[in-house]
Protein chains: 2
Amino acid sequence: MKTEELHCCGDIHKRASLDKWIERLQSTKLKLTTPRHVILEFLHKQSHPATNREIYNGISNDCDLASVYRTINLFIKIGFVHQFDFGDGIARFELIEPGLDSHHHHIICNDCSKVIEIDHCFPESLTKTISKHTGFSRIKHKLEFFGLCPNCQ
Amino acid sequence: MKTEELHCCGDIHKRASLDKWIERLQSTKLKLTTPRHVILEFLHKQSHPATNREIYNGISNDCDLASVYRTINLFIKIGFVHQFDFGDGIARFELIEPGLDSHHHHIICNDCSKVIEIDHCFPESLTKTISKHTGFSRIKHKLEFFGLCPNCQ
DNA sequence: TGGCTATTGCAATACATTCGCAATCAAAAG
DNA sequence: CTTTTGATTGCGAATGTATTGCAATAGCCA
Ligand SMILES: [Mn+2]
Ligand SMILES: [Mn+2]
Ligand SMILES: [Zn+2]
Ligand SMILES: [Zn+2]
């Protein structure tokens with residue numbers, strides 16, 4: 001019996017190996033430091049977005065909390081990490097494979113905070129309609145779902 | 001020439017009169033205090049979500065900032081106000097007419113922060129699909145759009 | 001290996017939001 | 001109208017997340 005049996009969208013988080021991510025980091029001008037290495041390693045293991053404090057707790061002694069914040073902000077800037085907002089005022093972060101196919105959303109249980117990845121997305125056609133109606137271009141969206149998970153209903 | 005010419009979704013914010021809102025407040029056990037009155041009045045005038053500080057600045061001298069926070073939280077609890085998140089870590093609030101027809105979203109310009117109301121919503125059928133796939137019930141969504149407004153492209 | 005510079009640790013800071021508590025006031029009772 | 005009373009307020013302090021200044025440190029390259 002696999003521990004993955006509860007996963008619902010296994011393909012979403014298909015990721016390159018950790019080594020691949022480290023290569024990617026080294027292919028920039030940025031230094032491969034211990035904080036960057038351990039944070040990359042930590043994020044690579046996660047299956048859901050993690051807060052800066054969760055990251056810090058998961059790697060403790062290897063890096064200061066302020067450096068977790070700085071490193072995550074850096075990873076966002078170079079496109080390694082996406083930020084998600086689950087409505088509690090605490091930012092959450094996920095390592096995201098380059099390319100649009102890994103864009104996805106989440107559903108969060110209002111009771112127990114269980115998170116499941118969702119591969120359904122806001123329809124492209126509706127986005128085009130919104131673009132026509134508003135005149136906005138380069139439209140992106142932030143979308144998360146909330147409800148009661150099977151265990152909490 | 002009307003000043004409303006730039007509005008794109010005029011129907012979304014059709015609202016009861018301020019007096020109606022005050023009646024609604026009085027029909028609860030809650031006291032009609034000056035802070036509650038002026039905040040209701042301020043929110044009633046707005047066409048976009050406002051931050052607690054914007055509310056405070058818009059009514060200054062009539063109410064303490066802490067009481068703005070408390071009043072807004074109260075209004076959320078009794079269903080008068082909805083909270084929106086534009087991704088900058090500052091909560092925004094809008095007076096929302098009871099009933100599902102006033103549920104809506106926004107598009108925010110990444111450059112100048114211009115906000116336009118959007119009446120398109122995440123499709124109900126897809127929500128049902130997500131419910132089947134995940135087992136979650138009572139699913140709600142948070143959805144906001146971001147892009148470049150006509151003036152900023 | 002040594003030097004240059006990016007990066008880090010640490011503490012201080014910024015900022016949104018909440019809380020404790022005494023003073024106040026809206027609403028009900030007399 | 002006056003009194004009573006508990007909800008509500010103002011004020012300051014506290015909380016929690018996130019950022020920043022700066023001296024010390026440590027990758028990376030010559
Ligand atoms: Mn995810
Ligand atoms: Mn709105
Ligand atoms: Zn999407
Ligand atoms: Zn919607």
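Described in the following lines is the structure provided in the data block. Note on numbering: residues in each chain are counted from 1, in written sequence order. Chains and ligands are labelled by the order in which they are written, letters from A for the one and numbers from 1 for the other. Only residues with pLDDT of at least 70 are given local features in this predicted model, and only at 80 or more are side-chain atom pairs given and counted; all residues enter the totals for whole chains, interfaces and linings. To obtain the side-chain values, all non-hydrogen atoms of the structure were used and water was disregarded.

### Things to note about the protein's contact with DNA strand C
The line we're drawing: Note on definitions. A residue lies near a molecule or strand when any single heavy atom of the residue is within 4 Å of it. A 3.5 Å cut-off defines polar contacts: any pair of N or O atoms within that distance qualifies, except that in protein one atom must be a possible hydrogen donor and the other a possible acceptor, and neighbouring residues in sequence count only when both atoms are side-chain atoms. Helix and strand definitions follow DSSP, with helices as H or I runs of at least four residues and strands as E runs of at least two, each counted in order from the N terminus.
Residues in contact with DNA strand C amount to 19 residues; listed here are only the nearest, Thr33(A), Arg36(A), Ser67(A), Arg70(A) and Tyr69(B). In DNA strand C, the atoms that sit within 4 Å of the protein are 70% sugar and phosphate, with bases accounting for the remainder. Ser67(A) is positioned with one of its side-chain polar atoms (N or O) 2.8 Å from a phosphate oxygen of DNA strand C. Lys31(B) is positioned such that a nitrogen or oxygen atom in its side chain is 3.4 Å from a base nitrogen of DNA strand C. Among the elements that line the surface near DNA strand C, the one with the most residues is helix H4 (residues 65–77) of chain B, at four residues.

### As for the protein's contact with DNA strand D
Every one of the 20 residues lining DNA strand D counts as a neighbour, but Leu32(A), Lys31(B), Arg36(B), Ser67(B) and Arg70(B) are closest to it. Across the atoms of DNA strand D situated within 4 Å of the protein, the share located in sugar and phosphate is 66%. Here Ala91(A) contributes a backbone N or O atom positioned 3.1 Å from a phosphate oxygen of DNA strand D. Here a base nitrogen of DNA strand D and a side-chain polar atom of Lys31(B) are 2.7 Å apart.

### Thoughts on the coordination of the zinc ion (ligand 4)
Residue and element names in this part refer to chain B. Put simply, the test is: Donor criterion used throughout: N, O or S atom within 2.8 Å of the metal, extended to 3.2 Å for Na, K and Ca. Water excluded; incomplete-looking sites may result. Here the metal geometry follows the donor angles, with tetrahedral for four donors whose angles all fall between 85 and 135 degrees, square planar for four and octahedral for six when opposite donors are more than 155 degrees apart and every other angle is between 65 and 115, and irregular for all the rest.
Of the protein atoms, only His103 (NE2), His105 (NE2), Cys121 (SG) and His141 (NE2) coordinate the zinc ion (ligand 4), at distances of 1.8 to 2.2 Å. The coordination sphere of the zinc ion (ligand 4) comprises four donor atoms, whose angles at the metal cover 100 to 130°; the geometry is tetrahedral. Each donor residue of the zinc ion (ligand 4) lies on the same chain, and together they follow the pattern H-x1-H-x15-C-x19-H. Here His105, found in strand S4 (residues 105–109), pairs with Cys121, found in the loop between strand S5 (115–118) and helix H5 (124–134); they are 16 residues apart in sequence, far enough to count as distant.

### Here we look at the pairing of strand S6 (residues 137–148) of chain A
Spelled out, the test is: To sort residues, take the accessible area from a 1.4 Å probe on protein chains only and compare it with the maximum for the residue type: under 20% means buried, over 50% means exposed, and anything in between is partly exposed. For two strands to count as paired, DSSP must find a minimum of two bridges between them.
The buried fraction of S6(A) amounts to nine of the twelve residues, a majority that puts the element mostly inside the structure. For strand S4 (residues 105–109) of chain A and S6(A), the ladder comprises three bridges, and the chain directions are parallel. Bridge pairing in S6(A) links Ile107(A) to Phe145(A). Pairing geometry for S6(A) and strand S6 (residues 137–148) of chain B, over nine bridges, is antiparallel. What sits directly across from Ser137(A), in S6(B), is Leu148(B).

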